[in-house]
Each structure stands twice: as structure tokens, then as C-alpha cells.
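Read off the chains here:
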Amino acid sequence: MNPKKTRIVIAGGGTAGWTSAAFLAKHLSKSADITLIESSDVPTVGVGESTIPLIVTFNDLLGLDEAEFMQSVDGTFKVGIEFENWKGDGSSYIHSFSRPGREFWPCNFFHYWLASKPNCVSDYEKYSTATMAARQNKFAILPNRGLVYAYHFDAAKYAQFLQTYSVKRGVTHIDDFIESVNLDEDGSITSLSLRSGQAIEGDLFIDCTGFRALLIEGALKTGYEDWSQWLLCDSAIAVQTRSTESPKPYTRAIAHDVGWRWRIPLQTRMGNGRVYSSEYLSHEAAESELLSHIEEPIREPRVNRFTTGMRKKQWHKNCIAMGLSSGFLEPLESTSIYFLQRNLIRLVQLFEGDDISFTARDEFNQQSGKEMVAVRDFIILHYKVTGRKDTPFWRHCTNMSVPDELQHRIDMFKASGRVFKKEYEVFNDFSWAQIMMGQGLMPDSYHPFVNEMSAQELREFLSTIENSASRFVEGLPSHEDFIKRFCPHPSPPDGC
Ligand SMILES: Cc1cc2nc3c(=O)[nH]c(=O)nc-3n(C[C@H](O)[C@H](O)[C@H](O)COP(=O)(O)OP(=O)(O)OC[C@H]3O[C@@H](n4cnc5c(N)ncnc54)[C@H](O)[C@@H]3O)c2cc1C
């Protein structure tokens, strides 16, 4: 017997809309009919080009050929993020996706390193294969996740790629403007009325209308939790430039007097952006500062204003917010597309057909809420522990009080170097440690378990790890050569 199919209506066709369409078409093809409505009169946000490693698994779940995907989206590989000048002294550190050193169950590897009384924090890099690879512009896809990676890509090409994928798998695509959202007496959505006059009915609605949040907020008035008291940046300017260097296998996040600037290398161009607080910096000053640091733009700069925070419920009534309509954390750790993908995986895990239970909704909201709060704290950490006090913006950040759980984490790390990954958290203990030490927060002591090794054993142990990391990196090809072999862009880079 074929059960009745759930009518899923996706409003919006940016990264969130087409990622949702592709994933649901792949995994719910027998139980759902999927329609996506977008208006070519309403532009997409046009940014979102740096990711974290879940995307590799997510693409596997879509059954994508990695080389074909990377060719189609102008892709490059990413092993982490380089944070420059976050201590205000021009120094930099890398937050890599791979665990540095070697795993020990009672404590992190860095306790061993601390016991060796290193002179400076950058000394830690030589024990991390991923960081060493990044520093030398090297990359390869290795068996057993030898190097954990994510992607950089062109956002417009990404949405186009997923659109082709979705339409091939039976998603109905409507280009029309959503004029109104119709509700029943219970307040659930029944249909969307379009400018052409038709009304599209559905059982489950996915709001992918971006910051406008037409369904989840415009119609359902779900409410928003505002986090801008801790994350002051509320504006971003994005601009694309020609590439004048071989692509680095990492995103760059460069701190400025107010906020920071990104560099995202693609095969044929560079993505650049400036994230800042409009209370501390004017748009004109932010734009001229950005343009003074980059190559010749190939497009007009685009401005985005945002309020950092989260929709009070990601799933309300029969509507789920995906992408920017669900909330927004600035792109410092490239997490928005991650939340989108996690929520889609979660939706498929909880999907029960059109008989939507309260328990499924509650579970979805609890899980996604906890996850987003944990990432919020991780991002606040970058601002709080910098030790920068050179401008009013940084003084505000370093002096502000932070959520209790984050303060507890900072205190525990400072006292004893202990840090734990919590349930539903995407960032690992070693990510927290890399950021805290990279930003200048060094533990006062190391774990006594380290003393089980003699001083001689400790020296030998550390030098074995260092040598094996450097041998490993020596054997890797350059990132550029790897791309040329594995997934070269079909046309030569602009200007060649
Ligand atoms: C400055 C900035 C930098 C970012 N960097 C990163 C990053 O590095 N990594 C990362 O993971 N994420 C990043 N993000 C987030 C990422 O860009 C978004 O998560 C992603 O693009 C999803 O956007 P969206 O599809 O929700 O919204 P949008 O791209 O805004 O799409 C909205 C869609 O809704 C449609 N629409 C709206 N109103 C109507 C209507 N009335 N009728 C019909 N259609 C309508 C539009 O046509 C469009 O198709 C960044 C975001 C910003 C603002």
C-alpha cells in the first residue's frame, strides 16, 4: 500500500532552499511531493562560501561525485581558518579541523606540550599535520580522514548545482513572488498565494526566504532571541576580486580595529568581506578600508545588515525555518550552511509523514537550539579572550560579561587546561583549545597525568610527533597541484 504523500512546500531558492530541495528529494522521494517557489525578482544573499567538514558527509548523503561537484562550484579545499591579528600584535594562529598531536584519554595532547615549557604559542603548530599543511599550502584527500577538510565554493554556482540536482529528482520549481501566507483557524499554514494568482497548498512548509523570514516570522510571529549584546557586529560588506595568488587551503579571518575581514580563495577568484559593528564604524569607512586591502573588484560590493540571534522555535506549527530565516551567527567560523545541513539531517531522522507530532517538533527545536547556543558561545569566545584593548570596540568586547557556561569554560581552561565537548556540539575540545590558546589564554597548569612520563620520555615523545607531522606534510602535493589534478575548473582563471 502506498501511503499518502506529504506535500512539502519550500519557500525560497537560495542556498537554503535548494539544499533543502536536494536533500529531501533524495531521501523522501517515496513519501513526499516537493515544490520550491522562488522569485527571480528577489535576489539571494549571494554569500556563504566557506564551510566546515559536515559538508563532505552531507554531499556523500546526496550521492555526489566529489570531483564533479568541486569542478562545478569553482571549489577549493579548506583544512581550517587562519586568525590573524586577533591579539593586535600581527601574529596569527590556525584553527584546524584535525586533532593536533596524539590522543590521550585523560587529557588533551597540548598538556604534554605545555609540560615542555614552550617559548611561544606558535610552537604548538609543528605538532599539527593540518596546520603544517596549511602553512605550506599543501593538501590531498587521504584515506581514513588523514586530513579533515571542508570546501570553499561559489555560492551562486552551489545553488545552481543543487537546483539541477533537485529538478532532475522531481522537485517542482515555480518562479513567482509569494504575496501572502494563508493560515487555518489553528494558525498552521495552508497555502502560499502567488503574484500570478495561484495558491500552492501544502502539509509542511520550509521557510527559506532568508532574512525576510516570510513564513516563520511574517505569518507565524514565532519570535527571535537577540544575541547582539555579545556579538556586536551587525553589518557585512562582501566583494569578489580577481585571484592573484595560488589558492590557500584555508579561510583567512583578519581582525581589524572594529570587527574583521575574510578572504575565501576559490579557483578563479577571491571572496572578500568586512564584518563590523555599525555602532563603532560607518559603512563608508568599512567599505574604503576593505577596498584598500584587496585586489581589483570584479563586482560591486554588497551590503548585508543582520541581527545576531535565533528564531525562538526553528519548527513552529507546520513550518520549519532553514538557513537565514532560522537565525544568524556571523560567519567567523563558517557555520550557517552547517546548521542548515544538520537541520535537514535532523528533519529526515524525525520525519513521520504529514501527521506531525508535537514530540518530533520539540525534539527538533531542543536539539537545534542547543547546538546553535553552543556555537554562539564559541564565537563569543573569539571576541572575549583576545586581550586586545586598543580600540573602543575591542575594549567593549574584552570587558563584557559573557554567558555563564562560556565563562565557566574560560575559567576552567585558564586554571587547568581542561576543556570538554558537550552533547550536540559541533566544535571539539581541541577546537576550543586552539582558539583559547591562539587568542592568548594559556592554562596556568597542565594535567599531572603527563608526569607519568620522565623528562627524557617527554622530549622523545614530542620530537616523534613533530617529525611524523613534518614527514607527513613533506609527502603532500601543493593544494594548487592537487586541484589541477583532481577537479580543475573547466575554464582558465579570469585574466589568464
Ligand atoms: C555576510 C555573510 C557571510 C556569510 N558567510 C558564510 C560562510 O562563509 N559560510 C556559511 O556557512 N554561511 C555563510 N553565510 C550564511 C549563508 O550565506 C546562508 O546561510 C545561505 O546563503 C542561506 O541563505 P538563504 O538561502 O537562507 O537566504 P537567501 O540567499 O537570502 O535566499 C532567499 C530566497 O528567498 C526568496 N524569496 C524571498 N522573498 C520571496 C518572496 N516574497 N517570494 C518568492 N521568493 C522569495 C529569494 O528569491 C531567495 O531565493 C553568510 C551570510 C552572510 C550575511
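Just so we're clear, the structure is a prediction, and the values are computed from it rather than from any experiment. Numbers given to residues run from 1 along each chain, matching the order in which its sequence is written. Predicted model: local features are reported for residues with pLDDT of at least 70 only, side-chain atom pairs are reported and counted for 80 or more only, and whole-chain, interface and lining totals are derived from all residues.

### Let's talk about the pairing of strand β2 (residues 32-38)
In step 1: In this scheme, strands are said to pair when DSSP sees at least two bridges between them. Here a helix means four or more residues in a row that DSSP labels H or I, a strand means two or more in a row labelled E, and each is numbered from the N terminus. Direction of pairing for strand β1 (residues 6-11) relative to β2: parallel, over a ladder of 6 bridges. Looking across to β2, one finds that Arg 7 is bridged to Asp 33.

### Description of unusual backbone geometry
In step 1: Despite not being glycine, Ala 213 has its phi angle at roughly 45°, a positive value.
In step 2: With 24 C-beta atoms packed within 10 Å, Ala 213 lands in the buried category. Comment: burial labels come from other C-beta atoms within 10 Å of the residue's own C-beta, placed from the backbone, where a count of 20 or more is buried, 12 or fewer is exposed, and between is partly exposed.

### With respect to the site of the ligand
In step 1: We count a residue as near a molecule or strand when its backbone-placed C-beta atom lies within 6 Å of that partner. The full set close to the ligand counts 38 residues, and Gly 12, Gly 14, Gly 48, Gly 210 and Gly 323 are the nearest of them.
In step 2: Those elements giving two or more residues to the shell around the ligand turn out to be α1 (15-27), β2, β13 (235-242) and α9 (336-350).
In step 3: Of the residues that constitute the shell around the ligand, the class distribution is 16 nonpolar, 19 polar and 3 charged.
In step 4: Looking at which domains feed residues into the shell around the ligand, each of domain 1 (6-49 + 154-227 + 308-356) and domain 2 (99-145 + 232-305 + 387-496) gives three or more. When residue character is reported, Ala, Val, Leu, Ile, Met, Phe, Trp, Tyr, Cys and Pro are called nonpolar, Asp, Glu, Lys and Arg charged, and the others, Gly included, polar. Marked domain ranges trace back to an automatic or database domain assignment.

### Let's talk about the nonpolar core
General note: in soluble globular proteins, nonpolar side chains tend to be found buried as a group.
In step 1: Membership of the largest hydrophobic core comes to 133 residues, with the highest contact counts inside it found for Ile 10, Ala 11, Ala 21, Val 79, Ala 133 and Leu 215.
In step 2: Each of domain 1 (6-49 + 154-227 + 308-356) and domain 2 (99-145 + 232-305 + 387-496) accounts for three or more of the residues forming this core.
In step 3: Residue pairs qualify as contacts under a 7 Å threshold applied to their C-beta atoms, which are placed from the backbone. Among residues more than four places away in sequence, those in contact with Val 79 are Ser 96, Phe 97, Ser 98, Ala 130, Ala 133, Ala 134, Phe 139, Leu 147, Tyr 149, Pro 249 and Tyr 250. Under the definition applied here, buried Ala, Val, Leu, Ile, Met, Phe, Trp, Tyr and Cys residues are grouped into a nonpolar core through C-beta atoms within 7 Å.

### Concerning the domain arrangement of the chain
In step 1: Considered domain by domain, the chain is made up of domain 1 (6-49 + 154-227 + 308-356) and domain 2 (99-145 + 232-305 + 387-496).
In step 2: Tallying the contact residues gives 10 residues for domain 1 and 14 residues for domain 2.
In step 3: Across the side of domain 1 that touches domain 2, the residue classes tally to 5 nonpolar, 2 polar and 3 charged.

### Here we look at the sheet that holds strand β10 (residues 199-201)
In step 1: Ordered by their spatial adjacency, 3 strands build an open sheet running β8-β9-β10, and the pairing between neighbours is antiparallel. Of all the strands in the sheet, just β8 (178-183) and β10 have a single pairing partner and so form its edges. Averaged over all adjacent pairs, the angle separating strand axes in this sheet is 25°, with direction ignored.
In step 2: Here 3 bridges tie strand β9 (residues 189-194) to β10, and the two strands are oriented antiparallel to one another. Across the sheet, residue Ser 191 finds its bridge partner in β10, namely Glu 201. Angles shown run from 0 to 180 degrees and are taken between the N-to-C directions of axes, each axis being a line fitted to C-alpha atoms and, for helices, limited to the stretch in contact.

### Quick word on the sheet that holds β13
Within a sheet, neighbouring strands are paired by backbone hydrogen bonds and run either parallel or antiparallel to one another.
In step 1: Here we have 7 strands laid out as an open sheet, ordered β5-β4-β14-β15-β16-β13-β17, and mixed in their pairing. The sheet is open, and its two edges are formed by β5 (92-96) and β17 (302-305), each paired on a single side. Adjacent strand axes in the sheet meet at a mean angle of 20°, parallel and antiparallel pairs treated alike.
In step 2: Relative to strand β16 (residues 269-276), strand β15 (residues 260-265) runs antiparallel, the two sharing 6 bridges. Along β16, the bridge assignment pairs Trp 262 with Gly 273.

### Focus on the packing of α1 against α9
In step 1: Taken N-terminus to C-terminus, the directions of α1 and α9 make an angle of 30°; their axes are 10 Å apart at the nearest point. Comparing the axis directions of α1 and α9 gives the class roughly parallel. The two elements α1 and α9 cross, and the hand of that crossing is right-handed. Every residue of α9 that contacts α1 at Thr 15, Ala 16, Thr 19, Ser 20, Phe 23 and His 27 is listed here: Ile 337, Leu 340, Gln 341, Leu 344 and Val 348.
In step 2: Taken together, the residues of the contact of α1 with α9 break down into 6 nonpolar, 5 polar and no charged. The scheme is simple: roughly parallel for angles under 35 degrees, roughly antiparallel for over 145, roughly perpendicular for 65 to 115, oblique for anything else. Handedness of a crossing is defined here by the sense of rotation of the near helix relative to the far one, left-handed for an anticlockwise turn of less than a right angle and right-handed for a clockwise turn.

### Focus on the packing of helix α2 (residues 54-62) against α9
In step 1: Taken N-terminus to C-terminus, the directions of α2 and α9 make an angle of 40°; their axes are 10 Å apart at the nearest point. As far as their axial angle goes, α9 and α2 are oblique. Considering the relative orientation of α2 and α9, their crossing is left-handed. Residues Leu 54, Ile 55 and Phe 58 of α2 pack against Ile 337, Tyr 338, Gln 341 and Arg 342 of α9.
In step 2: Across the contact of α2 with α9, the residue classes break down as 5 nonpolar, 1 polar and 1 charged.

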